[in-house]
Amino acid sequence: GTAVFGGDVVVSGSLITKQRFVQTSKFNRGNNNEFLLRFDSGGSNNLSTPSENEKFLAPMPGKLKFIVIRTQNAMGNTTAALHSANTGTSIGGGGASDPFDDKLEEVSLSGLNAEEAYKFIFTDASSFQYGKILGVSINPTNNPGWGNATLVWELDHI
């Protein structure tokens, strides 16, 4: 339903809200290998060798709502996936010693063309808890070349 308030609102008890958090990423690939998007840094790493740049620490529970991506070259059939790592997984460095533990959700789109925006929409399966280490991978059929991605997260404030 809809509630309309024409004056002051007073809440006695708890107020639970959701916040949208928008994050951007940029990359330049020279091949069609699956790769991880970086947060707060340009570039990308292969899925098997994540560094601290490809890991996002969840500040509260939430979920990944969607990713919008646009690339220089046609990526063809492409999959975007949200990965998580449990407590005890290394936050720094790279190497196969600290890959992500779980793939929370994977979304596939077909026939992605060059220089056109595409939206990967995630479901509640992409939900995560506070303190999780998260990563987002892109698995294209073709070399994307230069690319930009915008991630929209929904965070639960309690």
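Our structure's up above, just so we're on the same page.
To start, this report covers the structure provided alongside it.

Residues F5, V9, V11 and L15 make up a contiguous nonpolar surface patch of roughly 420 Å² in combined accessible area. By the element assignment, L15 lies in the segment before β1 (17-28).

Attention shifts here to the side chain of R38. When you line up the elements, R38 lands in the loop between β2 (35-37) and β3 (44-46). Separated by 2.8 Å, the side chains of R38 and N45 make a polar contact. Reaching out from R38, the side chain makes a polar contact with the side chain of E54 at a distance of 2.7 Å. Not counting the four nearest positions on each side in its chain, R38 is found in contact with T24, S25, G43, S44, N45, N53 and E54.

Turning next to the pairing of strand β10 (residues 133-140). With 7 of 8 residues buried, β10 is to be regarded as a mostly interior element. As paired strands, β2 and β10 are joined by 2 bridges and run antiparallel to one another. The residue of β10 that forms the bridge with F35 is I138. Relative to β10, strand β4 (residues 56-57) runs antiparallel, the two being bridged by 2 bridges. By the bridge assignment for β10, L57 is matched with I133.

In the structure shown here, the tally under the stated rule is 5 aromatic pairs. Ring geometry for F39 and F56: centres 5.7 Å apart, planes at 45 degrees, overall tilted. A residue pair is termed long-range when its members are at least 10 positions apart, and F39 in the loop between β2 and β3 and F56 in strand β4 qualify at 17 residues. Each member of the pair, F39 together with F56, is buried.

Counting residues in hydrophobic clusters, the biggest one holds 26 residues, and the most contacted among them are I67, I69, V136 and W153. Among the elements that line this core, the one with the most residues is strand β11 (residues 146-157), at 4 residues. Dropping the residues within four chain positions of it, I67 is found in contact with A80, Y118, K119, F120, F122, V136, A149, T150 and L151.

Its location among the elements puts N31 in the loop between β1 and β2. Residue N31 is classed as partly exposed on the basis of its relative accessible area of 29%. In sequence terms N31 and N142 are 111 residues apart; their C-alpha atoms lie 7.2 Å from each other. The residues contacting N31, other than those within four sequence positions of it, are N143 and P144. Of the polar contacts made by the side chain of N31, one reaches the side chain of R29; its length is 3.3 Å. Polar contacts involving the side chain of N31 include one to the main-chain amide nitrogen of N33, which spans 2.9 Å.

How each quantity is defined
Once a new chain begins, its residue numbering starts again from 1 and follows that chain's sequence as written. Where local features are concerned, this predicted model is filtered to residues with pLDDT of at least 70; where side-chain atom pairs are given and counted, the filter is 80 or more; whole-chain, interface and lining totals use all residues. In computing side-chain properties, one takes all heavy atoms of the structure into account and sets aside hydrogens as well as water. Patch building starts from residues that exceed 30% relative accessible area and form no salt bridge, then joins like charges within 9 Å and nonpolar side chains (Val, Leu, Ile, Met, Phe, Trp, Tyr) within 5 Å. Method for areas: the Shrake-Rupley scheme with a 1.4 Å probe, in which residue coverage is limited to the protein chains shown. A pairing counts as a salt bridge when a side-chain nitrogen of Lys or Arg comes within 4 Å of a carboxyl oxygen of Asp or Glu. Helical segments are the DSSP runs of H or I of at least four residues, strand segments are the runs of E of at least two, and each set is numbered from the N terminus. N or O atoms closer than or at 3.5 Å make up a polar contact, with two conditions inside protein: a donor-capable atom paired with an acceptor-capable one, and, for residues adjacent in sequence, both atoms drawn from side chains. Contact definition: two residues touch when any of their heavy atoms are within 4.5 Å. Buried, partly exposed and exposed residues are distinguished by accessible area as a fraction of the type maximum, computed with a 1.4 Å probe on protein chains only: under 20%, between the cut-offs, and over 50%, respectively. Between any two strands, at least two bridges found by DSSP are needed for them to pair. Here the aromatic set is Phe, Tyr and Trp, taking the six-membered ring for Trp, and pairing holds for ring centres within 6.5 Å; pairs whose planes are under 30 degrees apart are stacked, those over 60 apart are edge-to-face, and all others are tilted. Residue types Ala, Val, Leu, Ile, Met, Phe, Trp, Tyr and Cys, when buried and joined through side-chain atoms within 4.5 Å, form a set referred to as a nonpolar core.

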